Amino acid sequence: MNFKLEDRFSKIAIVFAFTVLAIGGMFGLLQLLTRTPYSPIQLSPDQYYLSLTAHGVLLAIVWTAFFIMGLAVFVISRELNINLNKYLLQGSLILSIVGVIMTTAAILSGTSNVLYTFYPPMNASALFYLGLTILILGTWIFAATIFLAFIRWKKATKSAIPIATFGVLTTLIIWLEATPGVAIEVIKDLIPMSLFNTPVDVLEARTYFWYFGHPLVYFWLLPAITLWYFFIPRLLNTKLYSERLPKVAFILFILFSTPVGIHHQFVDPGIANQYKFLQSVLTYLVTIPSFLTAFTLLATMEKSYRERGGKSLFGWIKELPWRDSVFAGIAFSMILFAFGGIGGIINASYTLNALVHNTTWIVGHFHLTVATAVTLTFMVSSYVLIPAIFNKAIIFKKLTVLQPYLWFIGMTIFSTAFHIAGLYGMPRRTADILYGGLAPSIWIELAQIAAIGGVILWVSGVIFIFNSGTSILKGAHVAMDAGSLFEKVNEKETILDRISVWVILAIIIIILAYVFPFLQIYSRGLSPAPPLPP
Amino acid sequence: MPLIPKPVEEWYKEFSKQEKIWIAIALAVAIILAATTLSWPLIDPKHEVPSSAREFNPTAYKEIANNFSSIYNGKLVPPNTDIYIAAQQYFWSISTLVLKKGVDYRFHLGSLDVIHGFTIVGNGTVYSIMVMPGMEYVFTMNFKNAGTYYVICSEYCGYGHGSMRMVIEVVA
């Protein structure tokens, strides 16, 4: 079978993702330096908020979404050995790229400094919202492309879904569960606000945004977990401890990743306590699949050691291939994700949230999840995907080992400093943390430590972009049969493979969790506020 | 194609003993987390999350908040007096609030333009809630320690966001 078309899609999507990562990462460093008092580089407030908007939109949405699209096409076409619809695939890519260019142009022009949460009634240029809408439309067509091909495969084979495909499908299902929220917000409220100055009810818009904003986290995370399930057994020359438990974990993500958005709104007025509490509990249920994932992966690591005759209780940790860049990167991702998860439990714990809400604790937290568990996994996976998809060898092999170690060290420093600073009340999203001299000195010290971590992260990012960029352009040709990475399984399907059952159940849970908050919001009567520029 | 395949394969029997133990542990952790979260505000209602919102008229509220500020700015607010604060790009309607230690005060917070964040920092305390246009947030606070607290805006509200601050002096 010929995968030229699919591979071309993946190549464009991944190169686009790398470009966006390079730009977005640069902004991140500038922000950290600006937030560090007495550093030589200081952005003015309008530049800082432009940078913060670009950093958030480009990295949290564009970098992740494009890498995931490239990965999804690769996994689905090779693991299921099927071709995708050419026109849908091209159409989705063109729409997505056009959308991103529009939004990016709006941000860089300085007319849309509304950050990546774009809370109304703060107003951005219409181009910003229209670009986002087109990007979402593009991703929906992309998801349709994948599902059409999958349904065709399913009808023909009637076999169990292989694990990597299962992960990709789960990712897209969560994206489709989540994005209607932000689509409604943008189309119903924000585009009219931007074009016609229509007032917007802030609580309603925020609730739609966070309906999307939290499952977005799992949209990032599930491809990373899929890559963990994919690489760990292959790197250790064994099989996954079990293929059933990972599927159960993925299904739990389908069920519980969406009806949790209100845990971002615990200190919003106008949402009753019992609805806030319900979504707090639902958030705890999402910890279960993370626990199951950790078990399967660690058990796989230990299993490979025992298979090789290892006897010592913890000897398997030392025997792991720590000098392998892909393994090291994934292991660091998992370690930091564990801390990210514990921090997440604190954020979601209803009363405790008021302590950390809107402080740098939150920034420290999600840089462990999206900026490490997800981003570092995508980075090190590229060291295999570049030979597999681009047929190019990595040029600087030693740099691939150094890079994840630097990221791990840099992120540990940055994130720890930001977590602690958050407990001292240092706010996020502020260009100048001195507050005219009333800032406690510990804020300044922690900001300086965080900046050191940021510089190390940036060096790691530059090494990554340089190495993968030169390898894609100038690497020696390698003839790698990417299909051989996947093994052919032909198991009988079980209830776990009936994804439609789980999606219906998920929709029921989402309705139960959200119908009452929305009833409360609408029955109270909306009180729209007129738009204002930042 | 039936929704649930028949006969339903007993896929769950394939879990190993270790996996079953681990599932039980994960479930127990989730239940314990939910139970502690619920019990905290039940044991002491002071820890309950504030949610109460009132109808809000920006013009009328601005006047109430300005009135409050003109009477009490820099002066001790007597117990049983409601506190009205309005947020606006880029200042709070009152610059120095003086409160008595250990007294329950009812706060009213509202925004006259965009979203703001009301974050209290000082004397080991960090507490944040949202200030939104279109709604009046009502909640009770009791300061256990005397001293100087700062209120800074913690939600991005525009280019001057970083300069938006006020002081709360708590006296014994």
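These lines cover the structure that appears in this document, whether it is placed above or below. (Residues numbered from 1 in each chain as written. Chains lettered and ligands numbered in written order. Predicted model: local features only at pLDDT ≥ 70, side-chain atom pairs only at ≥ 80, totals over all residues. Heavy atoms only, no water.)

With respect to the interface of chain A and chain B
Listed by partner, the interface residues are 75 residues for chain A and 61 residues for chain B. Surface buried jointly by chain A and chain B totals about 5900 Å² across both partners, of which 70% is contributed by carbon and sulfur atoms. Counting across the interface, chain A meets chain B through one salt bridge. Taking the shortest distance from any N to any O, the salt bridge between B:Glu155 and A:Arg429 comes out at 2.8 Å. When contributions to the side of chain A that touches chain B are tallied by element, the ones reaching two or more residues are helix 2 (45-80), helix 6 (202-213), helix 8 (244-256), helix 9 (273-307), helix 12 (353-356), helix 14 (397-423) and helix 16 (499-524) of chain A. The class makeup of the residues in the side of chain A that touches chain B is 44 nonpolar, 19 polar and 12 charged. (Contact = heavy atoms within 4.5 Å. Buried area = accessible area lost by both parts, 1.4 Å probe. Salt bridge = Lys/Arg side-chain N within 4 Å of Asp/Glu carboxyl O. Helix = DSSP H or I, 4+ residues; strand = E, 2+ residues; numbered from the N terminus. Nonpolar A, V, L, I, M, F, W, Y, C, P; charged D, E, K, R; others polar.)

A closer look at the nonpolar core
In this structure, A:Phe66, B:Leu97, B:Phe107 and B:Phe118 are the most contacted members of the largest nonpolar core, which totals 236 residues. Per element, the largest residue contribution to this core is 24 residues, and it comes from helix 2 of chain A. Counting only domains with at least three residues in this core, you end up with domain 1 (8-43) and domain 2 (52-171) of chain B. (Core = buried A, V, L, I, M, F, W, Y, C linked by side-chain atoms within 4.5 Å. Buried < 20%, exposed > 50% of the residue type's maximum accessible area, 1.4 Å probe, protein only. Domains from an automatic or database assignment.)

Quick notes on unusual backbone geometry
Along the chain, A:Pro120 connects to A:Pro121 via a cis peptide bond; the corresponding omega equals 0°. Note that A:Pro121 resides in the loop between helix 3 (86-108) and helix 4 (126-157). In this chain, B:Gln89 is followed by B:Tyr90 through a cis amide linkage whose omega measures -10°. Within the fold, B:Tyr90 resides in the loop between strand 2 (83-88) and strand 3 (91-92). Positive phi values are uncommon outside glycine, yet A:Asn81 reaches one of about 55°. Residue placement: A:Asn81 occurs in the loop between helix 2 and helix 3. Notably, A:Asn197 is not glycine yet its phi reads approximately 60°, a positive angle. With respect to the helices and strands, A:Asn197 occurs in the loop between helix 5 (163-196) and helix 6.

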